[in-house]
Amino acid sequence: MEHYDTSGTPAIDQLLAESRAGLERVHASDLEREMAAGALVVDTRPVDQRERDGELPGAVVVDRNVLEWRLDPSSPHRLPIADDRDRRIVVVCSEGYSSSLAAHTLQRLGLARATDLIGGFQAWAAVGGYAAE
């Protein structure tokens, strides 16, 4: 188990920085290109946020509490599309915080190309979403 220093920095901030250090995070303006290149985009926002803010076209919705079981190719509970450890996975939450932690966890499961969307759905919406939408 890792321990965090007592420098006055909240432990969650330290964990977030550690998680992000290993991610090649995606900019909102690049999400469409990532999808076109075959990335699996996973929307982990709760239903109330999706209803309030809108859906993310082309994304697979997976509740955060079952994310690892649904995306681990070795899990008997995985989604049929989660069959390739080398596939690029872009996790999206509302603002890009919990998605960083989730992507780091997916990397620890052996999904080395897992990452997240900088600024989350809110950043994607702010840049206008997909041009086709």
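For the structure, see preceding data.
## Overview of the pattern of salt bridges
Oppositely charged side chains may form a pair once their charged atoms are brought near each other.
Part 1 of the reasoning: Tallying each qualifying case throughout the model produces 8 salt bridges.
Part 2 of the reasoning: When the shortest N-O distance is used, the salt bridge between Asp72 and Arg85 registers 3.2 Å. Remark: Arg85 occurs in the loop between α4 (67-71) and β3 (89-92) and Asp72 occurs in the loop between α4 and β3; sequence separation between them is 13 residues.
Part 3 of the reasoning: Taking relative accessible area as the criterion, Asp72 reaches 13% and is therefore assigned buried.
Part 4 of the reasoning: For Arg85, a relative accessible area of 32% corresponds to the partly exposed category.

## Here's the deal with the pairing of strand β1 (residues 40-43)
On a regular strand, one side chain projects to one face of the sheet and the next to the other, so that they alternate.
Part 1 of the reasoning: Covered by surrounding structure in β1 are Leu40 and Val42 together with Val41 and Asp43, the residues of both alternating faces.
Part 2 of the reasoning: With 4 bridges connecting them, β1 and β3 associate as parallel partners. From the neighbouring strand, Val42 faces β3, where its bridge partner is Val91.
Part 3 of the reasoning: As judged from the 2 bridges shared by β1 and strand β2 (residues 60-61), these two strands associate in the parallel manner. Residue Val42 lies in a different strand from β2, and its bridge partner there is Val60.
Part 4 of the reasoning: Handedness of the crossover is the feature at issue here: the chain leaves β1, passes through helix α3 (residues 47-53), returns alongside β2, and the resulting connection is right-handed.

## Concerning the nonpolar core
Part 1 of the reasoning: One finds Val42, Leu67, Leu71, Ile89, Val91, Leu106 and Leu111 to be the most contacted residues of the largest nonpolar core, which totals 14 residues.
Part 2 of the reasoning: With 3 residues, the single largest contributor to this core is helix α5 (residues 98-108).
Part 3 of the reasoning: Other than its neighbours up to four places away in sequence, Leu67 contacts Val42, Thr44, Val62, Ala102 and Leu106.
Part 4 of the reasoning: Core analysis: the next-biggest nonpolar cluster, separate from the first, contains 12 residues, Val26, Leu31, Val90 and Leu117 among them.

## Some remarks on the packing of aromatic side chains
Part 1 of the reasoning: In this structure the tally under the stated criterion is 1 aromatic pair.
Part 2 of the reasoning: Seen from their ring centres, Phe121 and Trp124 are 5.3 Å apart, and the 45° between their planes marks the pair as tilted. Taken as a pair, Phe121 and Trp124 lie in helix α6 (residues 120-126) at a separation of 3 residues, close to a single helical turn. Comparing Phe121 with Trp124, the two get one shared label, buried.

## Observations concerning the sheet that holds strand β4 (residues 114-116)
Part 1 of the reasoning: Strand order in the open sheet formed by 4 strands is β2-β1-β3-β4, and the pairing between neighbours is parallel. Two strands bound the open sheet, and with one partner strand each, they are β2 and β4.
Part 2 of the reasoning: The strands that α5 touches are β3 and β4; relative to β4, the one it contacts most, it runs at about 175°.

## Side note on the side chain of His104
Part 1 of the reasoning: For His104, the location among the structural elements is in helix α5.
Part 2 of the reasoning: Those residues in contact with His104 that lie beyond four places of it in its chain are Glu18, Ser19 and Leu23.

## A word on the pairing of β3
Part 1 of the reasoning: On β3, burial covers both faces: Ile89 and Val91 on one face and Val90 and Val92 on the other are all buried.
Part 2 of the reasoning: For the handedness criterion, the β-α-β arrangement of β3, α5 and β4 is classed as right-handed.

Rules of the game
- Along each chain, residues carry numbers from 1 onward, in the same order as the chain's sequence is written.
- Where local features are concerned, this predicted model is filtered to residues with pLDDT of at least 70; where side-chain atom pairs are given and counted, the filter is 80 or more; whole-chain, interface and lining totals use all residues.
- Side-chain calculation: all heavy atoms of the structure are included, whereas hydrogens and water are not.
- The working definition used for a salt bridge is a side-chain nitrogen of Lys or Arg within 4 Å of a carboxyl oxygen of Asp or Glu.
- Only DSSP runs of H or I with at least four residues qualify as helices, and only runs of E with at least two residues qualify as strands; both kinds are numbered from the N terminus onward.
- Burial classes follow relative accessibility: with a 1.4 Å probe on protein chains only, a residue under 20% of its type's maximum area counts as buried, one over 50% as exposed, and anything between as partly exposed.
- Two strands pair under a simple rule: DSSP has to find at least two bridges between them.
- The path from the first strand over the helix to the second decides the hand: if it runs clockwise while the strands point away from the viewer, the crossover is right-handed.
- For our purposes a nonpolar core is just a set of buried Ala, Val, Leu, Ile, Met, Phe, Trp, Tyr and Cys residues, chained together by side-chain atoms within 4.5 Å.
- Any pair of residues with heavy atoms lying within 4.5 Å of one another is described as a contacting pair.
- The pairing test for Phe, Tyr and Trp rings, Trp by its six-membered ring, is centres within 6.5 Å, and the orientation test on the planes gives stacked under 30 degrees, edge-to-face over 60, and tilted for anything in between.
- Every axis corresponds to a line fitted to the C-alpha atoms, with the helix fit spanning only the stretch in contact, and the corresponding angles, defined between N-to-C directions, vary from 0 to 180 degrees.

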